[in-house]
Amino acid sequence: MKEKFVKFMAGRYGNDRLNQVMTIIFLVLAALNIFVRNVYFSTVLMSWEILFLILVYVRMFSRNIAKRYAENQKYLNLENRIRRFWGKRKYIMQQRKEYHIYSCPSCKQKIRIPKGKGKISIRCPKCGREFIKNS
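The structure presented is a predicted model; accordingly, all values stated were derived computationally and were not measured.

Describing the overall build of the chain
When helices and strands are tallied, the chain shows 4 helices and 4 strands. The order of helices and strands in the chain, counted from the N terminus, is α-α-α-α-β-β-β-β. On C-alpha atoms alone, the chain measures out to a radius of gyration of 25 Å, which is more than a quarter above the 14 Å that the 2.2 N^0.38 rule sets for 135 residues. Based on the C-alpha atoms only, the size of the chain along its principal axes is roughly 75 × 45 × 25 Å. Looking at the chain residue by residue over its 135 residues, the buried ones come to 25%. Long-range pairs, those at least 24 residues apart, make up 40% of the contacts in the chain between residues at least 6 apart in sequence. Here the chain displays about 10,500 Å² of accessible surface, and carbon together with sulfur accounts for 62% of that area. For the chain, the distance from the average position of its 29 positive side-chain charges to the average position of its 7 negative side-chain charges is 8 Å.

This is the structure in structure tokens:
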């Protein structure tokens, strides 16, 4: 049986990160649909479930590997942009425990100054402008 499946999948795209995410979305919608009492909302959820399930199988069994690969790369680029955005926010929040983060009034460069130094003059490393802030 395993050999038949391997032979069937030869030349087909298979599974990737985008398929995994769409499967997770399908499962979340299916779980949400269990608790919904509204008939209209339940019907809408069911149609989205079916759509995601069909897309997963179409992508998995597709022989157009280049197109599926391009779709996955597009999704991975979007995911990486989102992860970087939230990673930067997390890093800034961690730095705020020990540092003040100021923006230069002229070039908007972010400058990190240690807390507890009193009133200090800050020189922007990018444009060279000096400004005074409390640390």
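With respect to the pairing of strand S4 (residues 130–134)
Pairing of strand S3 (residues 119–123) with S4, which is carried by 5 bridges, proceeds in the antiparallel orientation. Following the sheet pairing, Ser121 is matched in S4 by Ile132. Between S3 and S4, which pair antiparallel one after the other, the connecting turn spans 6 residues, and Gly128 there sits at a positive phi close to 85 degrees.

Quick notes on a positive patch on the surface
Together, Arg81, Arg84, Lys88, Arg89, Arg96, Lys110 and Lys115 line one region of the surface with positive charge. Sort the elements by how many residues they give to the positive patch and helix H4 (residues 65–95) lands first, with 4 residues. Position of Arg81 relative to the elements: it lies in helix H4.

Some thoughts on H4
Compared with an ideal rise of 1.5 Å per residue, which puts 31 residues at 45 Å, H4 spans 44 Å between its outermost C-alpha atoms and is within 8% of the ideal. Of all the residues in H4, the buried ones are Arg68, Asn72, Tyr75, Glu79, Ile92 and Gln95. Structurally, H4 contributes buried residues whose contacts are with helix H2 (17–35), helix H3 (39–61), strand S1 (99–103) and strand S2 (110–114).

Digging into the packing of H2 against H4
As a packed pair, H2 and H4 sit with axes 8 Å apart at the nearest point and diverge in direction by 70 degrees. Comparing their axes, H4 and H2 come out roughly perpendicular. Across the interface between the two elements, Arg17, Leu18 and Val21 of H2 pack against Glu71, Asn72, Tyr75, Leu76, Glu79 and Arg83 of H4. Here the residues of the contact of H2 with H4 sort into 4 nonpolar, 1 polar and 4 charged.

About the criteria used
- All residue numbers here refer to positions counted from 1 along the written sequence of the relevant chain.
- In keeping with the predicted nature of the model, local features appear solely for residues at pLDDT of at least 70, side-chain atom pairs appear and are counted solely at 80 or more, and the whole-chain, interface and lining totals rest on all residues.
- With hydrogens and water set aside, each side-chain value is computed from the structure's full complement of heavy atoms.
- Only DSSP runs of H or I reaching four residues or more are called helices, and only runs of E reaching two or more are called strands; each is numbered from the N terminus.
- Radius of gyration here uses only the C-alpha atoms, and the compact-globule reference equals 2.2 Å multiplied by the residue count raised to the power 0.38.
- Summary of the burial criterion: residues with accessible area below 20% of their type's maximum are buried, those above 50% are exposed, and those between are partly exposed, where the area comes from a 1.4 Å probe applied to protein chains only.
- Pairs of residues are marked as contacts when any of their non-hydrogen atoms sit within 4.5 Å.
- The accessible surface values rely on the Shrake-Rupley method and a 1.4 Å probe; as for residues, cover is taken only from the protein chains in view.
- In this tally, Lys and Arg are treated as positive and Asp and Glu as negative; His is ignored, and so are the chain termini.
- In plain terms, the charge of a residue is placed at NZ if it is Lys, CZ if Arg, CG if Asp and CD if Glu.
- When DSSP finds two or more bridges between two strands, those strands count as paired.
- Residues with no salt bridge and a relative accessible area higher than 30% make up the patches, which join like charges within 9 Å and nonpolar side chains (Val, Leu, Ile, Met, Phe, Trp, Tyr) within 5 Å.
- Salt bridges are defined as contacts in which a side-chain nitrogen from Lys or Arg sits within 4 Å of a carboxyl oxygen from Asp or Glu.
- A helix is expected to reach a length of 1.5 Å times the quantity of its residues less one.
- Geometry is summarised by axes, namely lines fitted to C-alpha atoms with helices restricted to the contacting stretch, and by angles between N-to-C directions that run from 0 to 180 degrees.
- These descriptions rest on fixed angle ranges, namely under 35 degrees for roughly parallel, over 145 for roughly antiparallel, 65 to 115 for roughly perpendicular, and the rest for oblique.
- Note on residue categories: nonpolar means Ala, Val, Leu, Ile, Met, Phe, Trp, Tyr, Cys or Pro, charged means Asp, Glu, Lys or Arg, and polar means any other residue, Gly included.

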